[in-house]
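Okay, here's what each chain looks like letter by letter:
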Amino acid sequence: MRKRYLIITLLGVLLVFIVVNGGPVGILNANQEPLYLAMAGPLSGDPADIERGREMQTGIELYLEQVNQAGGINGRKVALIVFDDQDSIEQAELTAHAIAERDNILAVIGHRSSSPSNAAGTIYNEAGIPVITASALSPSVTEGKPWYFRVTVDNDQQGSFAAYYTNKVLKYKTVSIVYVENDFGLSFAAAFRKTTQELNGTIAYDQGFPEQGSLDIMTNQVTRELKAATDTGLVLLAVNDEVATQIVKKMRDLNIQAPIMGSTGSVFVNGFKDYPLERSQPGYYTDGIYATVPHIIYDIVDEKAQDFTRAYQQKYGVGPAPATASHYDAAMILVAAMRATDITGEPETLQQDREKIRQYLQSHDSISSAFNGITGYIYFDEDGDATKPVPVGIYQRQELISAPVQLQLVKNAASVPDLNQEIDLGRIIELGSNYMYTTKIVQTGMHINKISNIDTSTSSYDMDFYLWFEYYGDLDERDIVFTNAVGELSLSDSIAEETRGDLSYKAYHVKGTFYGKFEFYNFPFDQQPLNISFHHRILPREYLIYAVDFASMRSREAVQEDLRARSRNFLPGWTVNYANFFSDNFNLSTYVGETTIEEASGPTYSQFNTTVRIRRDTLRYVLQNVAPAAIFIIGSYLTFFFPLDAITTKSLIGILSLLITAILHGRVTRELPTLDYKTIIEYIYFAVYGLSGLTLLIDIIGRSFRDKDWAQRLNRSGRIAYPIIVLLTGLLIAYIHFNRSGRI
């Protein structure tokens with residue numbers, strides 16, 4: 001008899017294990033060889049190169065870790081093989097040959113720079129290996145190489161865009177060009193030069209210098225000649241980070257105050273941090289420098305990208321560089337290709353698998369088939385290059401934030417009411433054969449003072465916070481709509497104002513009641529989002545975007561820790577899990593229905609969002625509402641050890657268990673709104689009902705036996721069966737909980 005119950009228990013545990021691990025197919029595939037990707041980038045040599053290689057590797061590994069934690073591809077893990085190309089042409093060629101000789105690498109992410117990518121690209125092309133670069137910007141990297149793809153804009157797009165922005169937005173008609181004579185510098189400078197001339201701009205200074213040579217000699221020469229020039233206009237630096245750092249420092253030390261459009265890498269801004277003037281005044285050298293950004297600017301990204309930055313911070317202890325997001329996207333795209341094409345990863349079918357991946361990437365050639373990545377929508381043109389808007393950043397207090405004006409494509413000029421008037425007003429400009437909106441960026445910050453009156457029955461809560469805006473030009477910043485406010489909520493008089501030239505700063509104190517979308521599937525182990533969202537009442541996203549003012553708010557992590565510490569004073573029974581600030585899109589059709597942004601009618605607005613996710617104090621709640629039921633589960637089990645004649649006591653425990661559980665159940669139900677699903681705590685109560693009823697049923701059946709031996713056997717069977725039923729019920733409830741939490 002005991003062996004039978006042991007077998008039943010083992011089978012139950014095995015069944016739960018199989019379900020949790022994705023069924024029989026998931027278990028079998030989990031034991032197979034992983035599917036392999038390769039990364040080629042600089043991992044040794046110069047510290048700056050090592051840092052760039054780390055930016056590549058961490059982004060890729062973070063995505064693959066998330067994929068593997070979610071079950072991989074049909075149960076098979078995806079593994080990364082890392083190759084060090086030392087950011088050199090010779091080593092890149094050796095790396096490419098080494099990858100081509102392997103019989104298990106399906107695709108490659110790399111290389112970091114244009115020259116190594118060009119050298120390796122010919123080898124990959126001959127071997128038929130799909131490659132994605134997320135940082136090599138020279139057009140020649142993908143030209144004539146059908147196996148090479150790029151998830152960022154190339155230098156032709158970026159250089160031309162920089163010239164338009166300089167001429168049309170910043171209004172500089174005179175420019176100077178300084179470039180390094182490598183694939184990156186030559187192509188960027190050529191595109192900038194060509195477009196400047198087409199716009200009838202003046203090039204006052206145009207100087208290149210060899211990649212190899214004395215950095216001090218070349219930078220000294222450039223800065224002396226810029227100092228001697230009567231009008232340099234805006235200075236474009238088409239150089240790498242280290243060279244840009246040297247030139248900018250020498251320009252500022254020589255009091256050359258010309259505007260600069262330069263580099264975007266973390267190595268660039270970090271290169272100043274040891275200088276005394278920069279330490280005493282952060283941003284002394286870099287404040288006001290513009291930069292076209294081929295990757296991402298984190299202050300105007302959506303919640304998906306904010307989740308990425310939070311996961312990266314948790315894993316690595318620092319925030320991600322812009323290039324890291326592009327490498328995360330490259331890994332995402334290749335995994336999507338592997339998942340969609342039913343590849344095997346076996347040596348016998350390796351070339352067919354690679355061809356499937358290449359064709360899959362090529363098929364994503366329009367916005368309708370684009371990948372939705374961290375850096376935005378990604379699709380490829382005939383050369384394998386991504387077609388994307390180019391964000392423009394500006395350095396402020398050692399942070400790269402969105403420049404006050406961004407250019408966005410007018411997709412259908414015929415749909416713009418009175419296009420000529422919009423052009424005359426400067427809200428739309430011509431860029432080549434396209435029209436572009438000149439979009440105002442409003443740096444927006446928030447400090448939450450207090451959260452109170454959380455009502456789970458109505459999913460509402462009170463918020464007390466400071467809200468501020470910083471922007472250039474004219475704007476009625478008070479004309480906003482809080483999309484999730486209960487009743488009408490508007491901004492009162494400002495509590496602080498400051499004007500510096502065209503820059504305006506205004507701050508407000510806001511108190512209001514807001515409603516959210518609380519979910520109670522995992523109640524009382526639930527987390528609830530407390531949201532504040534608003535958009536401008538009149539100006540759509542084409543004309544205004546709210547950017548998160550992290551330069552003033554400190555880091556996301558600092559804001560989160562500060563709120564978590566203070567919330568202990570005003571959030572009894574709850575703990576702040578994290579705080580998130582992000583910008584996304586709002587359209588009335590999408591807000592009230594299931595229509596997508598692309599299908600929505602009416603204007604789309606930029607919406608500023610705050611999400612504070614709070615976690616219930618589960619221990620205290622469980623002690624109050626679940627522990628009594630658990631005690632009765634134990635008590636019900638102990639009745640199987642009572643003498644057969646203790647009938648009254650057995651029945652009393654069973655009846656009390658049902659009664660107390662019903663009271664607890666009713667109390668919990670009154671706290672929650674009417675739900676069309678069951679919560680975890682209800683499943684627990686249902687289990688207690690069942691177990692209590694089982695003990696009563698066994699007791700009643702036992703009394704019906706005249707033969708006490710049979711009654712005793714039934715009691716002994718209950719001693720064995722009861723804990724097995726409790727175990728299986730607990731495993732089932734745990735499975736439901738973790739499945740709802742997204743951890744299975």
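Residues numbered from 1 in each chain as written. Predicted model: local features only at pLDDT ≥ 70, side-chain atom pairs only at ≥ 80, totals over all residues. Heavy atoms only, no water.

S.K.: Lay out the overall build of the protein with the relevant residues and their values.
M.R.: When you go through the protein residue by residue, the secondary structure sums to 23 helices and 25 strands. Sequence separation of at least 24 residues holds for 71% of the intrachain contacts in the protein that already meet a minimum separation of 6. Counting only carbon and sulfur atoms, one obtains 53% of the accessible surface of the protein, whose full area is about 33,600 Å². (Helix = DSSP H or I, 4+ residues; strand = E, 2+ residues; numbered from the N terminus. Contact = heavy atoms within 4.5 Å. Areas by Shrake-Rupley, 256 points an atom, 1.4 Å probe, with all protein chains shown as cover.)

S.K.: Tell me what's going on with the pattern of salt bridges, and back it up with residues and numbers.
M.R.: Inspection of the entire model under this criterion finds 21 salt bridges. Among the salt bridges present, the one from Asp241 reaches Arg52, with a minimum N-O distance of 3.8 Å. In this pair, Asp241 is assigned in helix H9 (residues 241–253) and Arg52 in helix H3 (residues 47–69), connecting sequence segments 189 residues apart. In this pair, the class of Asp241 matches that of Arg52, namely buried. Measuring nitrogen to oxygen at the nearest pair gives 3.9 Å for the salt bridge that ties Glu470 to Arg500. Highlighted residues: Glu470 in strand E18 (residues 460–472) and Arg500 in strand E20 (residues 496–500), separated in sequence by 30 residues. The exposure class assigned to Glu470 is buried, which follows from its relative accessible area of 11%. Given the relative accessible area of 45%, Arg500 is considered partly exposed. In this structure, a network of salt bridges that share partners links the residues Asp49, Arg52, Asp241 and Glu242. (Salt bridge = Lys/Arg side-chain N within 4 Å of Asp/Glu carboxyl O. Buried < 20%, exposed > 50% of the residue type's maximum accessible area, 1.4 Å probe, protein only.)

S.K.: Tell me about the environment of Lys173, and please be specific about residues and values.
M.R.: Within the secondary structure layout, Lys173 lies in the loop between helix H6 (155–169) and strand E6 (174–181). Taking C-alpha positions, Lys173 is 7.4 Å from Gly233, a pair spaced 60 residues apart along the chain. Ignoring sequence-local partners within four residues, the contact set of Lys173 consists of Asn167, Gly201 and Thr202.

S.K.: Which residues make up helix H5 (residues 114–127), and what values do they have?
M.R.: Here H5 spans 20 Å end to end across 14 residues, near enough to the 20 Å set by a 1.5 Å rise per residue. In the structure, H5 departs most strongly from a straight axis at Ala120, where the bend amounts to approximately 30°. The buried count for H5 comes to ten of 14 residues, which makes it a mostly enclosed element. Looking only at H5, the buried set comprises Ser114, Ser115, Pro116, Ser117, Asn118, Ala119, Ala120, Gly121, Ile123 and Tyr124. (Expected span 1.5 Å × (residues − 1). Bend = angle between axes of the 7 residues up to and from the residue.)

S.K.: I'd like a rundown of the sheet that holds strand E4 (residues 131–133), residues and numbers included.
M.R.: On the basis of which strands lie adjacent, the open sheet formed by five strands has the order E2-E1-E3-E4-E5 and parallel pairing. Every other strand in the sheet has two partners, leaving strand E2 (78–84) and strand E5 (148–150) as the edge strands with one partner each. Sheet twist, expressed as the average angle between the axes of neighbouring strands with direction ignored, equals 25°. Examined bridge by bridge, E4 and E5 share three bridges and lie parallel to one another. (Pairing = 2+ DSSP bridges. Axes fitted to C-alpha atoms, helices over the stretch in contact; angles between N-to-C directions.)

S.K.: Can you explain the packing of H3 against helix H13 (residues 322–340)? Please cite residues and give values.
M.R.: With their axes 7 Å apart at the nearest point, H3 and H13 run at an angle of 40° to one another. By the angle class used here, H3 and H13 are oblique. Crossing hand, H3 versus H13: right-handed. Between H3 and H13, the contacting residues are Glu55, Met56, Thr58, Gly59, Ile60, Leu62, Tyr63, Leu64, Gln66 and Val67 on the first element and Ala323, Thr324, His327, Tyr328, Ala331, Met332, Val335 and Arg339 on the second. Classifying every residue of the contact of H3 with H13 gives eleven nonpolar, five polar and two charged. (Parallel < 35°, antiparallel > 145°, perpendicular 65-115°, else oblique. Left-handed = near helix turned anticlockwise from the far one by under 90°. Nonpolar A, V, L, I, M, F, W, Y, C, P; charged D, E, K, R; others polar.)

S.K.: So, the layout of surface pockets: which residues are in play, and what are the values?
M.R.: By volume, the second largest pocket is sized at about 1,200 Å³. Forming the walls of the second largest pocket are 50 residues, and the residues nearest its centre are Arg52, Arg112, Ser113, Asn240 and Asp241. The element that contributes the greatest number of residues to the lining of the second largest pocket is H3, accounting for four residues. For the lining of the second largest pocket, the residue count by class is 20 nonpolar, 19 polar and eleven charged. (1 Å grid on protein atoms, 1.4 Å probe; cavity = no way out; pocket = protein on both sides within 12 Å on 5 of 7 lines; lining within 4 Å. Points joined across faces, edges and corners; volume = space filled by probe spheres on them.)

S.K.: Tell me about a negative patch on the surface, residues and numbers included.
M.R.: Side chains of Glu33, Asp103, Glu346 and Glu348 sit close together on the surface and give a patch of like negative charge. Position of Glu348 relative to the elements: it lies in the loop between H13 and helix H14 (350–363). (Patch = residues over 30% accessible without salt bridge, like charges linked within 9 Å, V, L, I, M, F, W, Y side chains within 5 Å. Lys, Arg positive; Asp, Glu negative; His and termini not counted. Charge placed at Lys NZ, Arg CZ, Asp CG, Glu CD.)

S.K.: Residue-level account of the environment of Ile660, with values.
M.R.: By the secondary structure assignment, Ile660 is in helix H21 (residues 647–671). The spatial distance from the C-alpha of Ile660 to the C-alpha of Pro628 is 7.8 Å, given a sequence separation of 32 residues. Sequence-distant contacts of Ile660, that is, excluding residues within four places in its chain, are made with Pro628 and Phe632.

S.K.: Kindly report on the sheet that holds strand E24 (residues 574–586), identifying the contributing residues and their values.
M.R.: What the four strands build is an open sheet, ordered E19-E22-E25-E24; its pairing is antiparallel. Of all strands in the sheet, those bounded by a partner on one side alone are strand E19 (480–482) and E24. Across this sheet, the average inter-strand angle for adjacent strands is 15°, counted without regard to direction. With three bridges connecting them, E19 and strand E22 (residues 527–536) associate as antiparallel partners. Paired with Ile480 across the bridge in E22 is His536. Contacts between helix H12 (residues 303–316) and the sheet are confined to E24 and strand E25 (605–616), with E24 contributing the most and set at about 140° to the helix.

S.K.: How would you summarise the side chain of Gln443 if you had to cite specific residues and measurements?
M.R.: Summarising the element assignment, Gln443 is placed in strand E17 (residues 434–455). A polar atom in the side chain of Gln443 sits 3.3 Å from the side chain of Asp299. Apart from the residues lying within four places of it in its own chain, the contact partners of Gln443 are Asp299, Ile401, Ser402, Trp468, Phe469, Glu470, Ala547, Val548 and Asp549. (Polar contact = N/O pair within 3.5 Å; in protein donor to acceptor, adjacent residues only side chain to side chain.)

S.K.: Describe unusual backbone geometry, naming the residues involved and giving the relevant values.
M.R.: Look at the link from Gly110 to His111: it is a cis peptide, with omega at -10°. Here His111 lies in the loop between strand E3 (105–110) and H5. At the junction of Phe523 and Pro524, the peptide bond is cis and its omega measures out at 10° in the coordinates. Mapped onto the fold, Pro524 is located in the loop between strand E21 (503–515) and E22. Phi at Lys171 is positive, roughly 70°, even though this residue is not glycine.

S.K.: Which residues make up the packing of aromatic side chains, and what are the values?
M.R.: Two aromatic rings are characterised by how far apart their centres lie and by the angle between their planes. Inspection of the entire model under this criterion finds 31 aromatic pairs. A ring pair is formed by Phe161 and Tyr165, whose centres lie 6.5 Å apart and whose planes are at 25°; its orientation type is stacked. Separated by four residues within a single helix, Phe161 and Tyr165 lie in helix H6, roughly one turn from each other. Take Phe161: its relative accessible area is 7%, and that puts it in the buried class. Ring pairs connect the aromatic residues Phe465, Phe469, Phe482, Tyr508, Phe514, Phe534, Tyr546 and Phe608, which therefore count as one cluster. Its end group placed over the ring of Tyr275, Lys249 keeps NZ or CZ at 4.8 Å from the ring centre. Geometry around Trp147 places Arg358 over its ring, the cationic atom sitting 4.9 Å from the centre. (Phe/Tyr/Trp six-rings, centres within 6.5 Å; stacked < 30°, edge-to-face > 60°. Lys NZ or Arg CZ within 6 Å of the ring centre and 35° of its normal.)

It is worth stressing that arrangement in space is one thing and function is another; only the former is reported here.
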